[in-house]
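Residue-level listing of the chains:
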Amino acid sequence: MLSDIDKRIFGPLAYPRFVLRQYFDVHQREILVAEESGELVGYSIAVRCGSDDERELAHFLALGVDTSHRRQGVGRLLAEETLDSLRLRGVRRVRLAVAPRNTVAIALYESLGFTRIGAEDDYYGPGEPRLLFDLAWPHTEPAGPGSSGTAAY
(Lines give C-alpha, C1' and ligand atoms only; values in the text may rest on other atoms or scores of the structure.)
Protein backbone atom coordinates (compact mmCIF):
# COMPACT_ATOMS: atom_id res chain seq x y z
CA MET A 1 0.00 0.00 0.00
CA LEU A 2 1.19 3.48 -0.82
CA SER A 3 0.56 4.72 2.70
CA ASP A 4 2.71 1.91 4.16
CA ILE A 5 5.76 2.66 2.04
CA ASP A 6 5.30 6.39 2.63
CA LYS A 7 5.43 5.81 6.41
CA ARG A 8 8.53 3.61 6.10
CA ILE A 9 10.32 6.22 4.02
CA PHE A 10 9.23 9.49 5.62
CA GLY A 11 8.35 8.47 9.18
CA PRO A 12 6.65 11.30 11.08
CA LEU A 13 6.48 13.45 7.94
CA ALA A 14 4.56 10.81 5.96
CA TYR A 15 1.27 11.85 4.45
CA PRO A 16 -1.80 10.79 6.41
CA ARG A 17 -3.62 7.97 4.61
CA PHE A 18 -6.63 10.20 3.89
CA VAL A 19 -4.38 12.75 2.13
CA LEU A 20 -2.88 10.05 -0.08
CA ARG A 21 -6.42 8.88 -0.85
CA GLN A 22 -7.38 12.43 -1.83
CA TYR A 23 -4.26 12.76 -4.02
CA PHE A 24 -5.21 9.47 -5.65
CA ASP A 25 -8.79 10.63 -6.28
CA VAL A 26 -7.81 14.04 -7.65
CA HIS A 27 -4.35 13.44 -9.16
CA GLN A 28 -4.28 9.73 -10.02
CA ARG A 29 -2.35 10.22 -13.24
CA GLU A 30 0.24 12.27 -11.37
CA ILE A 31 1.18 9.42 -9.04
CA LEU A 32 3.80 6.99 -10.33
CA VAL A 33 4.83 3.80 -8.59
CA ALA A 34 7.71 1.38 -8.98
CA GLU A 35 7.08 -2.29 -8.30
CA GLU A 36 9.27 -5.34 -8.20
CA SER A 37 7.68 -8.78 -8.17
CA GLY A 38 4.35 -7.20 -7.19
CA GLU A 39 5.91 -5.30 -4.27
CA LEU A 40 5.70 -1.51 -4.12
CA VAL A 41 9.31 -0.25 -3.86
CA GLY A 42 8.97 3.45 -4.67
CA TYR A 43 6.64 6.21 -5.74
CA SER A 44 6.45 9.82 -6.85
CA ILE A 45 3.77 12.49 -6.66
CA ALA A 46 4.03 15.64 -8.76
CA VAL A 47 0.96 17.80 -9.33
CA ARG A 48 0.18 20.69 -11.60
CA CYS A 49 -1.07 23.89 -10.07
CA GLY A 50 -4.80 24.40 -10.27
CA SER A 51 -5.60 27.82 -11.71
CA ASP A 52 -5.59 28.28 -15.48
CA ASP A 53 -2.78 30.83 -15.39
CA GLU A 54 -0.60 28.47 -13.33
CA ARG A 55 -1.09 25.22 -15.27
CA GLU A 56 2.49 25.44 -16.53
CA LEU A 57 3.78 25.09 -12.93
CA ALA A 58 3.96 21.80 -11.03
CA HIS A 59 5.14 20.84 -7.58
CA PHE A 60 7.10 17.64 -7.06
CA LEU A 61 5.54 16.68 -3.73
CA ALA A 62 7.15 13.33 -3.05
CA LEU A 63 9.79 10.96 -4.34
CA GLY A 64 10.48 7.95 -2.17
CA VAL A 65 12.24 4.63 -2.56
CA ASP A 66 12.21 1.85 0.02
CA THR A 67 15.60 1.46 1.70
CA SER A 68 16.02 -2.04 0.27
CA HIS A 69 15.93 -0.63 -3.28
CA ARG A 70 17.98 2.55 -2.96
CA ARG A 71 21.07 3.19 -5.07
CA GLN A 72 19.67 0.96 -7.83
CA GLY A 73 18.33 3.70 -10.10
CA VAL A 74 14.70 3.43 -8.95
CA GLY A 75 14.54 7.03 -7.73
CA ARG A 76 16.14 8.37 -10.90
CA LEU A 77 13.76 6.37 -13.10
CA LEU A 78 10.73 7.58 -11.13
CA ALA A 79 11.96 11.18 -11.28
CA GLU A 80 12.69 11.04 -15.01
CA GLU A 81 9.33 9.43 -15.83
CA THR A 82 7.53 11.97 -13.63
CA LEU A 83 9.28 14.92 -15.26
CA ASP A 84 8.67 13.50 -18.77
CA SER A 85 4.97 13.14 -17.98
CA LEU A 86 4.75 16.71 -16.69
CA ARG A 87 6.58 18.10 -19.71
CA LEU A 88 4.28 16.21 -22.10
CA ARG A 89 1.29 17.83 -20.40
CA GLY A 90 2.60 21.35 -20.94
CA VAL A 91 4.36 22.00 -17.64
CA ARG A 92 7.24 24.45 -18.03
CA ARG A 93 8.43 24.79 -14.43
CA VAL A 94 8.70 22.30 -11.55
CA ARG A 95 9.40 23.20 -7.93
CA LEU A 96 10.31 21.04 -4.96
CA ALA A 97 11.57 21.17 -1.39
CA VAL A 98 14.19 18.79 0.02
CA ALA A 99 15.83 18.36 3.42
CA PRO A 100 19.34 19.86 3.48
CA ARG A 101 20.71 16.62 4.98
CA ASN A 102 19.34 14.55 2.07
CA THR A 103 22.46 14.91 -0.04
CA VAL A 104 21.60 11.94 -2.26
CA ALA A 105 18.28 13.52 -3.30
CA ILE A 106 19.93 16.92 -3.78
CA ALA A 107 22.52 15.38 -6.09
CA LEU A 108 19.78 13.59 -8.04
CA TYR A 109 17.70 16.75 -8.48
CA GLU A 110 20.72 18.80 -9.52
CA SER A 111 21.69 16.12 -12.06
CA LEU A 112 18.18 16.41 -13.51
CA GLY A 113 18.61 20.17 -14.01
CA PHE A 114 17.05 21.59 -10.84
CA THR A 115 18.69 24.68 -9.38
CA ARG A 116 18.52 25.88 -5.80
CA ILE A 117 16.40 29.00 -5.44
CA GLY A 118 16.21 29.37 -1.68
CA ALA A 119 15.96 27.85 1.76
CA GLU A 120 13.47 27.99 4.63
CA ASP A 121 14.39 27.09 8.19
CA ASP A 122 10.96 25.89 9.31
CA TYR A 123 9.38 24.91 5.98
CA TYR A 124 7.41 21.98 7.45
CA GLY A 125 7.29 23.40 10.96
CA PRO A 126 9.85 23.97 13.69
CA GLY A 127 13.09 22.12 13.06
CA GLU A 128 12.13 21.02 9.52
CA PRO A 129 14.27 23.11 7.15
CA ARG A 130 14.12 22.65 3.40
CA LEU A 131 16.09 23.74 0.39
CA LEU A 132 13.90 24.96 -2.46
CA PHE A 133 14.65 23.95 -6.04
CA ASP A 134 13.26 24.91 -9.44
CA LEU A 135 13.48 23.36 -12.90
CA ALA A 136 12.43 25.32 -15.99
CA TRP A 137 11.99 24.12 -19.56
CA PRO A 138 11.39 26.13 -22.71
CA HIS A 139 7.79 26.11 -23.92
CA THR A 140 6.77 22.99 -25.85
CA GLU A 141 3.36 21.90 -27.03
CA PRO A 142 1.83 19.00 -25.07
CA ALA A 143 2.00 15.71 -26.98
CA GLY A 144 -1.31 14.40 -25.68
CA PRO A 145 -2.24 12.62 -22.50
CA GLY A 146 0.70 11.77 -20.24
CA SER A 147 1.41 8.41 -18.79
CA SER A 148 -0.40 7.36 -15.69
CA GLY A 149 0.83 5.39 -12.75
CA THR A 150 -1.11 3.15 -10.47
CA ALA A 151 -1.21 3.12 -6.72
CA ALA A 152 -2.34 0.60 -4.18
CA TYR A 153 -3.87 1.39 -0.85
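**Student:** Help me get a handle on the side chain of D6, residues and values and all.
**Tutor:** Within the secondary structure, D6 sits in helix α1 (residues 2–10). Although D6 is buried, it forms no salt bridge, and the closest oppositely charged side chain is K7 at an N-O distance of 8.0 Å. Side chain to side chain, D6 and Y43 meet in a polar contact 2.2 Å long. The residues touching D6, leaving out its near neighbours within four places in the chain, are G11, A14, Y15, L20 and Y43.

**Student:** I'd like a description of the nonpolar core, backed by residues and values.
**Tutor:** One finds F60, L83, V94, V98 and F114 to be the most contacted residues of the largest nonpolar core, which totals 27 residues. Of all elements in the fold, only β1 (31–36), β2 (39–48), β3 (57–65), α3 (74–88), β4 (93–98), α4 (103–111) and β6 (130–136) reach the threshold of two or more residues within this core. When residues of this core are assigned to their parent elements, the largest contribution, five residues, is made by α3. Filtering out sequence-adjacent residues up to four positions away, V94 remains in contact with A58, F60, L83, L86, F114, F133, D134, L135 and W137. If you look at the next biggest cluster of nonpolar residues, it comprises 15 residues, including L2, L20, F24 and V33.

**Student:** A description of the sheet that holds strand β5 (residues 115–120) should follow, citing residues and the corresponding values.
**Tutor:** Read across the open sheet, the six strands follow the order β1-β2-β3-β4-β6-β5; overall the sheet is mixed. Here the strands that pair on one side only, and so sit at the sheet edges, are β1 and β5. Averaged over all adjacent pairs, the angle separating strand axes in this sheet is 25°, with direction ignored. Judged from the seven bridges that link them, β2 and β3 form a sheet pairing that is antiparallel. Looking at β3, one finds that S44 is bridged to L63. Across the sheet, α4 lies against β3, β4 and β6, angled at about 165° from β4, the strand it touches most.

**Student:** Got a sec to walk through the packing of aromatic side chains? Specific residues and values, please.
**Tutor:** All chains considered together, the criterion is met by four aromatic pairs. With 5.3 Å between their ring centres and 85° between their planes, Y15 and Y23 make a pair best called edge-to-face. A residue is classified by how much of its surface remains accessible, and Y23, at 18% relative accessible area, is buried. An aromatic cluster of three or more residues is present, and its members are F60, Y109 and F114.

**Student:** Any details on the environment of E36? Residues and values, ideally.
**Tutor:** With respect to the helices, strands and loops of the structure, E36 is situated in strand β1. Its relative accessible area of 42% is what places E36 among the partly exposed residues. As a C-alpha pair, E36 and H69 span 33 residues in sequence and 9.5 Å in three-dimensional space. Those residues in contact with E36 that sit more than four places away from it in its chain are V41 and H69.

Cut-offs and rules
Residues numbered from 1 in each chain as written. Predicted model: local features only at pLDDT ≥ 70, side-chain atom pairs only at ≥ 80, totals over all residues. Heavy atoms only, no water. Helix = DSSP H or I, 4+ residues; strand = E, 2+ residues; numbered from the N terminus. Buried < 20%, exposed > 50% of the residue type's maximum accessible area, 1.4 Å probe, protein only. Lys, Arg positive; Asp, Glu negative; His and termini not counted. Salt bridge = Lys/Arg side-chain N within 4 Å of Asp/Glu carboxyl O. Polar contact = N/O pair within 3.5 Å; in protein donor to acceptor, adjacent residues only side chain to side chain. Contact = heavy atoms within 4.5 Å. Core = buried A, V, L, I, M, F, W, Y, C linked by side-chain atoms within 4.5 Å. Pairing = 2+ DSSP bridges. Axes fitted to C-alpha atoms, helices over the stretch in contact; angles between N-to-C directions. Phe/Tyr/Trp six-rings, centres within 6.5 Å; stacked < 30°, edge-to-face > 60°.

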